[in-house]
Structure formats: structure tokens, C-alpha cells
Amino acid sequence: RRGIELLQLHFDVVSLGDHTEFMDQVLNYTGWKHLDMPHMNVHKKPLEFTKKEVEKLYKLLVRNGDVDFVDAVKQRYSGHLSYLADV
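Attention here is on the structure that accompanies the text. No experiment lies behind these values; they were computed from the predicted model shown.

Reading the values: the criteria
- As a convention, each chain's residues are numbered from 1 in the sequence order in which they are written.
- Only residues with pLDDT of 70 or above have their local features reported here, since the model is predicted, and side-chain atom pairs are shown and tallied only from 80 upward, although totals for entire chains, interfaces and linings are computed over all residues.
- The side-chain numbers reported here are obtained from all heavy atoms of the structure, hydrogens and water having been left aside.
- Put simply, DSSP H or I for four residues or longer makes a helix, DSSP E for two residues or longer makes a strand, and each gets a number counted from the N terminus.
- Working definition: with a 1.4 Å probe on protein chains only, accessible area under 20% of the residue-type maximum means buried, over 50% means exposed, and in between means partly exposed.
- Only the protein chains shown count as cover for residues, and all accessible areas are computed by the Shrake-Rupley method using a 1.4 Å probe.
- The set of buried Ala, Val, Leu, Ile, Met, Phe, Trp, Tyr and Cys residues whose side-chain atoms join them within 4.5 Å is what this entry labels a nonpolar core.
- Pairs of residues are marked as contacts when any of their non-hydrogen atoms sit within 4.5 Å.
- Lines are fitted to the C-alpha atoms to define the axes, a helix being fitted only along its stretch in contact, and any angle between axes, read from their N-to-C directions, falls within 0 to 180 degrees.
- Any angle that is under 35 degrees is reported as roughly parallel, and any over 145 degrees as roughly antiparallel; angles of 65 to 115 degrees are reported as roughly perpendicular and all others as oblique.
- Note: crossing handedness is left-handed where the near helix turns anticlockwise from the far helix by less than a right angle, and right-handed where it turns clockwise.
- Only one rule defines a salt bridge in this text: a Lys or Arg side-chain nitrogen within 4 Å of an Asp or Glu carboxyl oxygen.

What to know about the overall build of the protein
The number of helices and strands found in the protein is 4 helices and 0 strands. If you list the helices and strands of the protein from N to C, you get α-α-α-α. Across the 87 residues in the protein, those meeting the buried criterion constitute 9%. As displayed, the protein offers around 8,400 Å² of accessible surface, 56% of which is attributable to carbon and sulfur atoms.

What follows is the structure, encoded as C-alpha cells:
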């Protein structure tokens, strides 16, 4: 709950989901040119997790409220920039 309040108070734009589509919409709306950003600090090997590790991480995310927070953000902000499609 507090996380949603902080988003509303301190952030003008919340991007979730398809960040490439969001970037394309912003570039189209503003007329800015695309700028390639180098990928730094990237792990280049495949990540492998056991079922037990995934379950433990999920339980931690639930306990910390991260799962509920992400769900609340999606419900609150889903499609909030859809009006830009009409511009």
C-alpha cells in the first residue's frame, strides 16, 4: 500500500511490461532519435535454478509483499498511457 502511495507521489511515469513498446511510443510522441545504450554489467552465461531455489525465492517475494505490489501496480497503471496512441 505504501509503495503505491510513493509511486503516485514521486513518479510521473510508471512503465511496466513491454518496455520496447513504451520506448517506441515515447520516441514517436517526442520525435527524439533512438539512442543505443551498451549493455554493461551483464551475466553472459545461462542461469540455472533448482525447483527448491525458485520456491524459496517466491516465498520470500510473497512474504516481502513484492508479489502483491507488482499486482497492484499492474492494476493501477495498466494502459495509463493508452491515450498517446491517439496522438
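A few points about the nonpolar core
Where a protein is soluble and globular, its nonpolar side chains tend to be buried together. Core analysis: the biggest nonpolar cluster contains 5 residues, these being Ile 4, Leu 7, Val 14, Val 73 and Tyr 77. Among the elements of the structure, helix H1 (2-10) and helix H4 (66-77) are those that each provide at least two residues to this core. Discounting chain neighbours no more than four positions away, the residues touching Val 73 are Ile 4, Leu 7, Val 14, Leu 16 and Ser 78.

What about the packing of H1 against H4?
Axis separation between H1 and H4 bottoms out at 9 Å; the angle between their running directions is 40°. Taken together, the axes of H1 and H4 lie oblique to each other. For the crossing formed where H1 meets H4, the hand is right-handed. Contacts from Gly 3, Ile 4, Leu 7 and Gln 8 of H1 reach H4 at Phe 69, Ala 72, Val 73, Arg 76 and Tyr 77.

Quick look at the pattern of salt bridges
Within this structure, the stated rule accounts for 2 salt bridges. As a salt-bridge pair, Arg 2 and Glu 5 come within 3.5 Å of each other at their nearest N and O atoms. Residue Arg 2 and its partner Glu 5 are located together in helix H1, separated by 3 residues, close to a single helical turn. Given the relative accessible area of 52%, Arg 2 is considered exposed. A salt bridge links Lys 51 to Glu 55; the nearest nitrogen and oxygen atoms lie 4.0 Å apart. Taken together, the positions of Lys 51 and Glu 55, both in helix H3 (residues 51-64) and 4 residues apart, correspond to about one turn of that helix. Residue Lys 51 is classed as exposed on the basis of its relative accessible area, which comes to 65%.

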